[in-house]
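Structural features, examined
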Amino acid sequence: AKIIKYVCATHNLSVKIMAKNRFREHYDALPPKAPKAPKSAFVDEIADLCKVHPATVRCWIYGTQKPDALRRSLIAKHLNIPENELFD
């Protein structure tokens, strides 16, 4: 990186500042946060729909738990998949 000499006229000070190199400029130009991954977005969407924690939805996905009848019907309606095909 280049060193730039900056002179402050009001205080008669000379300060050396490191100019950003191209690598840092490229990094700084990247968006601060990537959009949410589709699977994470799905988990969050179902968690919001059913008023449960996302960890609960992940348990449903991995088969360690099953949602109650009301939540199964909400999910079936939301996904337009017959309820008897969702978790059986």
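Right above here is the structure, for reference.
Here's what I pulled together on the structure shown here. (Residues numbered from 1 in each chain as written. Predicted model: local features only at pLDDT ≥ 70, side-chain atom pairs only at ≥ 80, totals over all residues. Heavy atoms only, no water.)

**Quick word on the environment of Phe-87**
Within the fold, Phe-87 resides in the segment after α5 (83-86). Distance from Phe-87 to Lys-66, taken between C-alpha atoms, is 7.2 Å for residues 21 residues apart in sequence. If near-sequence neighbours (up to four positions away) are discounted, Phe-87 is found in contact with Trp-60, Lys-66, Pro-67, Arg-72 and Ile-75. (Helix = DSSP H or I, 4+ residues; strand = E, 2+ residues; numbered from the N terminus. Contact = heavy atoms within 4.5 Å.)

**As for the packing of helix α2 (residues 38-50) against helix α4 (residues 69-79)**
Between α2 and α4, whose axes approach to 10 Å, the crossing angle comes to 130 degrees. Considered as vectors, α2 and α4 are oriented oblique to each other. You can see that α2 and α4 cross each other, and the crossing is right-handed. Residues Phe-42, Glu-45, Ile-46, Leu-49 and Cys-50 of α2 touch α4, and the partners they reach there are Arg-71, Leu-74, Ile-75, His-78 and Leu-79. (Axes fitted to C-alpha atoms, helices over the stretch in contact; angles between N-to-C directions. Parallel < 35°, antiparallel > 145°, perpendicular 65-115°, else oblique. Left-handed = near helix turned anticlockwise from the far one by under 90°.)

**As for the pattern of salt bridges**
Pairs can form between side chains of opposite charge once their charged atoms are near each other. This model, assessed by the stated rule, comprises four salt bridges. Of the charged contacts in the structure, one is a salt bridge between Asp-68 and Arg-71, with a shortest N-O distance of 3.1 Å. In this structure Asp-68 comes out as partly exposed when scored by relative accessible area, which is 38%. The partner of Arg-72 in a salt bridge is Glu-83, and the shortest N-O contact between them spans 3.7 Å. A residue pair is termed long-range when its members are at least 10 positions apart, and Arg-72 in helix α4 and Glu-83 in helix α5 qualify at 11 residues. Classification of Glu-83 by relative accessible area gives partly exposed; the value is 32%. (Salt bridge = Lys/Arg side-chain N within 4 Å of Asp/Glu carboxyl O. Buried < 20%, exposed > 50% of the residue type's maximum accessible area, 1.4 Å probe, protein only.)

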